[in-house]
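Inside the fold
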Amino acid sequence: MPSRFWNELGSSSMKSYNYYRHLFQDYAKPFAFVDMDLFARNREDILARAGSKKIRIASKSVRCTFLLRELINSSVTFQGLMCYSPREAVYLSKKGFDDLLVAYPSMDAKDIDDVLRQTSEGKRIYLMTDHEQHLLKIDKQARARGLRQPVCLDLDMSISYPGLHFGVHRSKVNNKKSTKQYLNALAKYPNVALKGLMGYEAQIAGLGDKASFGVKNSVIRRLKKRAIPEIAKRREQTVEMIRAAGHKLDFVNGGGTGSMETTRTEQYVTEIAVGSGFYSPTLFDYYDNFKHQPACAFAIEIVRKPNRNTYTCAGGGFPASGSPGIDKAPAIYLPRGAKLTDNEGAGEVQTPVLYKGPQELSLGDPIFLRHAKAGELCERFNELHLVSKGKVIKTVPTYRGEGQCFL
Ligand SMILES: Cc1ncc(COP(=O)(O)O)c(C=O)c1O
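All figures in this text were calculated on a predicted structure; none of them were measured in a lab.

The environment of the ligand is formed by 14 residues, the closest being Ser61, Gly256, Thr257, Gly275 and Ser276. Residue assignment for the shell around the ligand shows that the elements contributing at least two residues are β11 (271-274) and α12 (276-279). The class makeup of the residues in the shell around the ligand is seven nonpolar, seven polar and no charged.

Okay, here's the thing in structure tokens:
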């Protein structure tokens, strides 16, 4: 039976506490869920934001085979997957996915060999490189198998200003000189084929400019504005140099959820990597250019009531990776107005919640929270309940639920 709260509230993007409480009344807590109505809306908004570019789905921000398949099958704009480890790429390749870009380098001989085996079977997996040692290792193993392995160059998009490294520390290739060195090294390794260029402008794509914490928003906006033309120029110059050296690229990848509006304006970019926007975790609430829907959340159970306005729940302490800070903590989603305590936050075994609002809460009721990042939540749950139009329509395994833990 669809929830009676569906007609009343479910068609709006702002779902109520009662909508989800009613829907999940027979489900054991804690659990994680994806609201497929909001997920579909995010997908449509992301497709529109891509303009004429393709989208490569960043699998780390989804971590659920079922949902990756749903996405990839839903539009020809979805070009393939951006994986976060060779082992994951091989796992997905064996499950029928193709066109897999491994976005981070590996030095593990077995992992590389497993990728080579997929290549020999006709699958398209690109390994990430930026250092001669990556090329040497892949070349040696590819030669032993009599293959030419497609690789991608990771072009570092960070910018150093006096006293500030604006961006993330990724690759040693970040200008004309280092690109030339990379291309010269590449020429020594005939069993490696340069087929892709990726540049992730994390300082635009992964840095909110409407945050209420940390560095002032206006400073971030100014830094972003200054960096955008520099990023475009760097990418363009690198593509020209790669072409001049005789390589034919299958793709030029850039950006992420937070930079679609600027990455799509670059003529040389063929595809944008997007993952987080589908679930839209709390770190993606703070961008000027777009607003996606809170499609993914988790529920914990009220098990104690130590005083009038405090509801203590079991578990809940699922912080996100990255530099530690309040922005990495889970945030209470529903009921609206409920808060974590400053002293305890979301804890390993218990999470006290302060609430003075109109909603009546009893022991056994859920409190709904959102994670700061997208796919990481799936490392804490074996399953995701999928919800649509007032019903739980399916329960599907996360990577963890399929017995997989890649990073
Ligand atoms: C190489 C690369 N591209 C793109 C992204 C953007 O992914 P998302 O859309 O999940 O922010 C990331 C995220 O870390 C990344 O590492």
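What follows is about unusual backbone geometry. Cis peptide bonds are those with omega within 30 degrees of zero, and the linkage from Lys29 to Pro30 qualifies with 0°. Along the chain, Pro30 falls in the loop between α2 (17-23) and β1 (31-35). Across the junction of Leu334 and Pro335, the peptide omega takes the value 0°, indicating a cis bond. Mapping Pro335 onto the fold places it in the loop between β14 (331-334) and β15 (339-340). Positive phi is not limited to glycine here, since Asp99 has a value of about 60°. Checked against the element boundaries, Asp99 lands in the loop between α5 (86-94) and β4 (100-102). A positive phi angle is found at Lys389, which is not glycine, with a value near 45°. Take Lys389: it is sitting in the loop between β18 (383-388) and β19 (391-397).

In this section: the packing of α5 against helix α6 (residues 109-120). In contact at an axis separation of 9 Å, α5 and α6 are set at 30° when each is read in the N-to-C sense. As the angle between them shows, α5 and α6 are arranged roughly parallel. Crossing angle aside, the handedness with which α5 passes α6 is left-handed. Along its contact with α5, which presents Pro86, Arg87, Ala89, Val90 and Ser93, the element α6 presents Asp111, Ile112, Asp114, Val115 and Gln118. Grouping the amino acids of the contact of α5 with α6 by side-chain chemistry returns five nonpolar, two polar and three charged.

Further remarks concern helix α3 (residues 36-49). With 14 residues, α3 should cover 20 Å at 1.5 Å per step; its first-to-last C-alpha distance of 19 Å lies within 8% of that length. For α3, every residue scored as buried is listed here: Asp37, Leu38, Phe39, Asn42, Arg43, Ile46 and Arg49.

The next subject is the pairing of β19. Note: β18 against β19, six bridges, orientation antiparallel. Bridge pairing in β19 places Val387 opposite Val392. Taking the residues that link successive antiparallel strands as the turn, the β18-β19 hairpin has two residues, and the phi of Lys389 there is positive, at about 45°.

Turning to the domain arrangement of the protein chain, a few remarks are in order. As assigned here, the protein chain comprises domain 1 (5-30 + 295-402) and domain 2 (37-275). Between the C-alpha centres of domain 1 and domain 2 the distance comes to 33 Å. Tallying the contact residues gives 14 residues for domain 1 and 14 residues for domain 2.

Read around the closed barrel, the eight strands follow the order β2-β3-β4-β5-β6-β9-β10-β11; overall the barrel is parallel. Each adjacent strand pair in this sheet contributes to an overall mean axis angle of 30°, direction not counted. Alignment of strand β2 (residues 54-58) against strand β3 (residues 78-83), held across four bridges, turns out to be parallel. Bridge assignment links Ile55 to a residue of β3, and that residue is Phe78.

For residues with low pLDDT, the predicted coordinates do not support detailed interpretation. For the protein chain, mean pLDDT is 94; residues scoring 70 or higher make up 96% of the total. Confidence drops under pLDDT 50 across residues 1-12; counting only partners more than four residues distant or on other chains, this segment forms 24 contacts.

Taken N-terminus to C-terminus, the directions of helix α8 (residues 176-186) and helix α10 (residues 217-244) make an angle of 30°; their axes are 10 Å apart at the nearest point. Relative to α10, the element α8 lies roughly parallel. Crossing of α8 against α10: the hand is right-handed. Contacts between α8 and α10 involve Lys176, Thr179, Lys180 and Leu183 from the first element and Gln237, Thr238, Met241 and Ile242 from the second.

Over its 12 residues, α6 runs 16 Å from end to end, which matches the ideal 16 Å to within 8%, given 1.5 Å per residue. Among the residues of α6, Ile112, Val115 and Leu116 are the ones counted as buried. The arc that holds every buried residue of α6, seen down its axis, measures 105°, which confines them to one face. Buried residues in α6 make contact with α5, β5 (125-129), α7 (132-144) and β6 (149-154). Immediately downstream of α6, the backbone of Gly122 shows phi near 95°, a positive value.

Procedures and definitions
Residues numbered from 1 in each chain as written. Predicted model: local features only at pLDDT ≥ 70, side-chain atom pairs only at ≥ 80, totals over all residues. Near = placed C-beta within 6 Å. Helix = DSSP H or I, 4+ residues; strand = E, 2+ residues; numbered from the N terminus. Nonpolar A, V, L, I, M, F, W, Y, C, P; charged D, E, K, R; others polar. Axes fitted to C-alpha atoms, helices over the stretch in contact; angles between N-to-C directions. Parallel < 35°, antiparallel > 145°, perpendicular 65-115°, else oblique. Left-handed = near helix turned anticlockwise from the far one by under 90°. Contact = placed C-beta atoms within 7 Å. Expected span 1.5 Å × (residues − 1). Buried ≥ 20, exposed ≤ 12 C-beta atoms within 10 Å, placed from the backbone. Pairing = 2+ DSSP bridges. Domains from an automatic or database assignment. pLDDT = per-residue confidence, 0-100. Arc of directions from axis to C-beta.

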